[in-house]
Amino acid sequence: MTTTSKHGKKFLKLASRLGYVPSYIFAKLDAEKLKLSEKGIDVIDLSLGSPDLPSPEIVIKACEKALQDPTNYRYPPFWGQNKFKHAAANWMKKRFSVELDPESEIFPLAGSKEGIAHLALALIDPGDVSIVPTPCYPAHSRGTLLAGGSVYELPLLEKNNYLPDLDSIPQDILDKAKMFFISYPNNPTGATCGIELFEKLVHICTKNEILLISDLAYSELTFDGHVAPSIFQVKGAKDIAIEFHSFSKTYSMAGWRIAFVAGNPDIIKAMYEMKTHIDYGVCNITQAASINAFDIPLSEHEKTRTIYKERRDVVVDGLKELGWNIKKPLGAMYIWFPVPKQYKTSFEFCSTLLEKAHVATIPGGSFGTYGEGYIRIALVDNKDRLKTAIQRMKQIGIYYK
Ligand SMILES: Cc1ncc(COP(=O)(O)O)c(C=O)c1O
């Protein structure tokens, strides 16, 4: 049965799956940002986590070379370039001391986000359940929802340092759940976890036959001595887990669109199957160039960490002057803080910041139910601009009481 739209054309009746996911919050703020910019107003945009730092020189040079090689002009291999897969497996060994088979346990992706959505399409049927701790990176829940499944939101609360209370998950949810997402260092909270959480998760997911998905987009962005673990450092994890690694934040390559997924070979094969119907894999030139990033010594990341750490300190110290007393996050590139009581919603507070202080942020509600009441600042501009953002908040009388 088809119904026609109010414009009378049946093709304008969009698939119902688009109605399963919210989109309006971003759209509204984006429209507002655009209006201000068109008026010539200088908006300090701290909304998206899109790194402003340059991509590595070695990758850019390799890209120029790869562009001259006509073999790269043809379709990429569906399974990804062998060289890339071997280099990724070597990096996993160098960084986490874990062994992965490059042929069957590594798969290049045009971004973790795309990979997460394709994973859900490959695994989730209507009626299936995914466990997603929230606030979360929205793709963790959106993939499941678009595939017609439902999401059990597990709260990440400030009083628990934004770590999940695994014992609180009802057994019937564990019985039904097919996927369990976990992501530390965490977007949006900046929280980090130790290997003990991963051990407990591997135990629960093994016992209940749930696929554990670790999203390690911020593995190299940690501060004050914290070192992020990989799920594969837990014995037996490969039986039930996969892990997403992205170039977007580690190498400031968000626009190049490259990532990889590692782990359980059956799941990787399922993702491959799904993707053969949808895309042609990652651009040959991007793969050939980004291989070089794996050779960058791990110690080099310290430079990037120092930049984000200094930005973190500017914002947390600045917010302190305005009445917020928040702990300095040990990971990722965000500051997550509560909305002053006089605002009814995180959206209302963000709109005020945008309209009056010309500072763009993201309302916590867009990261899931347990994100409401907070907002997120992304550390994607330099220290002076971040200081100016705080100054602008002060000038319009924003305080946390
Ligand atoms: C936790 C997390 N995973 C994945 C992504 C997106 O990664 P990619 O650029 O590889 O799609 C983000 C982006 O902000 C993120 O915060």
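Please refer to the structure higher up on the page.
In what follows, the accompanying structure is described.

So, how was this worked out
- Each chain carries its own residue numbering, running from 1 in the direction its sequence is written.
- Residue-level local features of this predicted model are given only where pLDDT is at least 70; pairs of side-chain atoms are given and counted only at 80 or more, and the full residue set underlies all totals for whole chains, interfaces and linings.
- The basis for every side-chain value is the complete set of heavy atoms in the structure, and neither hydrogens nor water enter the calculation.
- A simple rule labels every residue: compare its accessible area, found with a 1.4 Å probe on the protein chains alone, to the largest value its type can have, and call it buried under 20%, exposed over 50%, or partly exposed in between.
- A run of H or I in DSSP becomes a helix once it reaches four residues, and a run of E becomes a strand once it reaches two; helices and strands are each numbered from the N terminus.
- Note on pairing: DSSP must find at least two bridges between two strands before they are called paired.
- If the strands point away from the viewer and the path from the first strand over the helix to the second runs clockwise, then the crossover is right-handed.
- Fitted lines through C-alpha atoms serve as axes, helices being fitted only where they are in contact, and the angles separating the N-to-C directions of these axes extend from 0 to 180 degrees.
- Each angle receives one of four descriptions, namely roughly parallel if under 35 degrees, roughly antiparallel if over 145, roughly perpendicular if within 65 to 115, and oblique otherwise.
- With the far helix as reference, a near helix turned anticlockwise by less than a right angle produces a left-handed crossing, and one turned clockwise produces a right-handed crossing.
- Contacts are assigned to residue pairs that have any heavy atoms within 4.5 Å of one another.
- Residues are grouped as follows: nonpolar covers Ala, Val, Leu, Ile, Met, Phe, Trp, Tyr, Cys and Pro; charged covers Asp, Glu, Lys and Arg; every other residue, Gly included, is treated as polar.
- Only one rule defines a salt bridge in this text: a Lys or Arg side-chain nitrogen within 4 Å of an Asp or Glu carboxyl oxygen.
- Proximity is defined per residue: if any heavy atom of the residue lies within 4 Å of a molecule or strand, that residue is considered near it.
- For this analysis, a polar contact is any N or O atom pair within 3.5 Å, provided that within protein one partner can donate a hydrogen and the other can accept it, and provided that sequence-adjacent residues contribute only side-chain to side-chain pairs.
- A 1.4 Å probe that fits into a set of points on a 1 Å grid over the protein atoms alone but cannot get out defines a cavity; an open set with protein on both sides within 12 Å along at least five of seven lines defines a pocket, and lining residues are those with an atom within 4 Å of a point.
- A cavity or pocket is said to hold a molecule if more than half of that molecule's atoms lie within 2 Å of its grid points.

### A few points about the pairing of strand E6 (residues 211-215)
- For E6, a buried count of five out of five residues is recorded, marking the element as mostly surrounded by other parts of the structure.
- Residue alternation in E6 divides its side chains into two sets, Leu-211, Ile-213 and Asp-215 and Leu-212 and Ser-214, and both sets are buried.
- As paired elements, strand E5 (residues 177-182) and E6 share four bridges and run parallel to each other. When the bridges of E6 are listed, Phe-181 appears paired with Ile-213.
- Considered for its hand, the β-α-β crossover made up of E5, helix H7 (residues 195-208) and E6 is right-handed.

### Things to note about the packing of helix H11 (residues 301-321) against helix H13 (residues 383-395)
- Relative orientation of the contacting elements H11 and H13 amounts to 15°, with a least axis distance of 9 Å. When the axis of H11 is compared with that of H13, the two are roughly parallel. In the packing of H11 onto H13, the handedness of the crossing is right-handed. Residues Glu-310, Arg-311, Val-314, Val-315, Gly-318, Leu-319 and Glu-321 of H11 touch H13, and the partners they reach there are Lys-383, Leu-386, Lys-387, Ile-390, Met-393 and Lys-394.
- Looking at side-chain class alone, the contact of H11 with H13 contains six nonpolar, one polar and six charged residues.

### Points about the pattern of salt bridges
- Applying the stated criterion across every chain, the model contains 24 salt bridges.
- Glu-310 is the salt-bridge partner of Lys-383, the closest N and O atoms lying 3.0 Å from each other. One end of the pair, Lys-383, is in helix H13; the other, Glu-310, is in helix H11, with 73 residues separating them in the sequence.
- Lys-383 sits in the partly exposed class, given a relative accessible area of 34%.
- On the basis of relative accessible area, Glu-310 is assigned to the partly exposed category, the value being 35%.
- When salt bridges that share partners are traced, they join Asp-224, Lys-309, Arg-312, Asp-313, Asp-317 and Lys-328 into one network.

### What to know about unusual backbone geometry
- Following Thr-134, the chain continues into Pro-135 via a peptide bond in cis, with omega recorded as 10°.
- Here Pro-135 lies in the loop between strand E3 (129-134) and helix H5 (139-146).
- The step from Asn-187 to Pro-188 runs through a cis peptide bond, and the omega angle for that step is 15°.
- Locating Pro-188 in the fold gives a position in the loop between E5 and H7.
- For Arg-257, which is not glycine, the phi torsion reads 55° and is therefore positive.
- You can see Arg-257 is positioned in the loop between helix H8 (247-250) and strand E8 (259-263).
- On the basis of relative accessibility, which here comes to 29%, the residue Arg-257 falls in the partly exposed class.

### Observations regarding the site of the ligand
- What surrounds the ligand is a group of 15 residues, the closest being Asn-187, Asp-215, Tyr-218, Ser-246 and Ser-248.
- Contact distances for the ligand include 2.6 Å between a nitrogen atom and a side-chain N or O atom of Asp-215.
- Of the pockets mapped on this structure, the ligand occupies the largest pocket.
- Of all the secondary-structure elements, those providing two or more residues to the shell around the ligand are helix H4 (112-123) and H8.
- The biggest single contributor to the shell around the ligand is H4, with three residues.
- Considering only residue class, the shell around the ligand consists of four nonpolar, six polar and five charged.

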